[in-house]
Amino acid sequence: MSQSCNARIDPTLSSSVGIDGVDLAVLAARFGTPLQVYSAGAIRQRIHALHCELIGLDAMVCYAVKANSNHAVLQLMAQAGLGADIVSSGELRRCLRAGIAAERIVFSGVGKSEAEIIEALDARVSRFNVESFDELCLLRQLADQRATTTHAAVRINPDVDAQTHAKISTGRAENKFGVSFDEARRWFAQHPRTSRLRLDGLHVHIGSQILNLDPFRVALERTAAFQRELAGQGHLITSLDVGGGLGVRYRDDEDRAIDIADYVDVVRRSLHDFRGRLVFEPGRWLVAEAGLLLTRIIRIKHGQQRRFVVVDAAMNDLLRPSLYDAWHDIAPVLKASENRMTCDIVGPVCETGDTFARSRELPECAAGDLLMIRTTGAYAASMASNYNSRPLAAEVMVDDGRYAAIRQRQTFEQMTAGDVMTPQWQSL
Ligand SMILES: *Cc1c(COP(=O)(O)O)cnc(C)c1O
């Protein structure tokens, strides 16, 4: 593997003082906290490393937009030539607005509405990843009605345990995603070849934050065998979508991001006799480690049994610890006292689940100090809410010593813009 293929994010991009050449304390002073900060350089490194491993393959990388749908992040993906994996009309519009070509967009998800399918057909997205028979029939009917030729891939549920958190596992038979090989077999047997809908792809995505390559290997080998069976029956498969799911480092001392060279090697070997296009849908792996959440300590509260460090970020800014019991490394910005303390790091929201860390050791800190919560580039801002009437946090991108606001902090007026002050009651 050449040096330029190195997927490790350059450690100088992020330190206890700065990120990508920009001082974190300055950012906090300028934009306030909580503040999401993303390194453009770190995202570009991941894209480059992935592209480097894909040389020689007929591959299309479709960034999973739900990981981080900020316009500036999408523009960065568009500039690097990436496509997108979308799950809603909102994501479709964000992608088109950011300059991602429709022919590089794939549409996934179990709940595509009729209106969303029509919008995506009219935009001429590249492919629909279809998850149920009902959806297949609707898509076929709409494509034929509108005389729009399009492509569909069957999302296979290969019944593989991705060995990740149950809430982000998607490839078990009991999960709502995809269909069994048996059902897919029937779809291909019955699909009318005269339809404008070309059923010519397979798709498999077994879950997220996967750190072990074996589940990928098993799922892909099963899919490859199925593709050979279909080819033997005369069903031409032109595209095989291997999904996303690549895990990243959340704990410096324990986990390590999936090695991209090893991952692509598994894909190459598992699908060695497949001649069509490969689609990759990484989300988290491209952006998670490029982000951090800056937060300020409001106060230290000495409870009856525990010490609580109350910060100004909360579960509405970063839901992962509450939702998945996820670990995020947390460290003070700038100063590191020699003395250590054990504490629970909690937000202001009125939920016990609003806890970023329990019994965590930190250098001794005080009210007013800045902390950074690491690895928040994915599934943080994109999952944010207004719970407790907290406005959405600001987001900043940094790039080689420069920085720019890429999302203004939400104002009270924006947060409440949809409220109806005087309901106009009507009778039928
Ligand atoms: C969420 C999702 C992805 C991206 O998953 P990551 O774990 O973020 O890489 C890719 N494909 C589909 C269909 C998804 O639902």
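Let me sum up the structure you'll find in this document. Values in this document were obtained by computation on a predicted structure and should not be read as measured data.

1. Notes on the site of the ligand
Piece 1. Taken together, 15 residues surround the ligand, and among them Lys66, Ser208, Gly245, Glu281 and Tyr379 come closest.
Piece 2. Lys66 places a polar side-chain atom, nitrogen or oxygen, 2.8 Å from an oxygen atom of the ligand.
Piece 3. Arg284 is positioned such that a nitrogen or oxygen atom in its backbone is 2.8 Å from an oxygen atom of the ligand.
Piece 4. In isolation the ligand offers 390 Å² of accessible surface; the protein chains occlude 95% of this area.
Piece 5. Tallied by class, residues from the shell around the ligand come to three nonpolar, seven polar and five charged.

2. Side note on the pairing of strand β4 (residues 59–64)
Piece 1. Across the six residues that make up β4, a large majority, five, are buried.
Piece 2. Relative to strand β11 (residues 277–280), β4 is paired through three bridges, and the arrangement is parallel. Across the sheet, Met60 pairs through a bridge with Val279, a residue of β11.
Piece 3. Between β4 and its parallel partner strand β5 (residues 83–86), the chain crosses via helix α3 (residues 71–79), and the hand of that crossover is right-handed.

3. Quick notes on the packing of aromatic side chains
Piece 1. As enumerated under the stated definition, the model contains seven aromatic pairs in all.
Piece 2. Taking the centre distance of 6.3 Å and the plane angle of 45° together, the rings of Phe133 and Trp187 count as tilted. On the criterion of sequence distance, the pair formed by Phe133 in helix α6 (residues 133–145) and Trp187 in helix α7 (residues 181–190) is long-range, its members being 54 residues apart.
Piece 3. Phe133 sits in the partly exposed class, given a relative accessible area of 36%.
Piece 4. A network of ring pairs unites the aromatic residues Phe181, Phe188 and Phe226 as a single cluster.

Rules used throughout
- Residues numbered from 1 in each chain as written.
- Predicted model: local features only at pLDDT ≥ 70, side-chain atom pairs only at ≥ 80, totals over all residues.
- Heavy atoms only, no water.
- Near = heavy atom within 4 Å.
- Polar contact = N/O pair within 3.5 Å; in protein donor to acceptor, adjacent residues only side chain to side chain.
- Areas by Shrake-Rupley, 256 points an atom, 1.4 Å probe, with all protein chains shown as cover.
- Nonpolar A, V, L, I, M, F, W, Y, C, P; charged D, E, K, R; others polar.
- Buried < 20%, exposed > 50% of the residue type's maximum accessible area, 1.4 Å probe, protein only.
- Helix = DSSP H or I, 4+ residues; strand = E, 2+ residues; numbered from the N terminus.
- Pairing = 2+ DSSP bridges.
- Right-handed = clockwise from strand over helix to strand, strands pointing away.
- Phe/Tyr/Trp six-rings, centres within 6.5 Å; stacked < 30°, edge-to-face > 60°.

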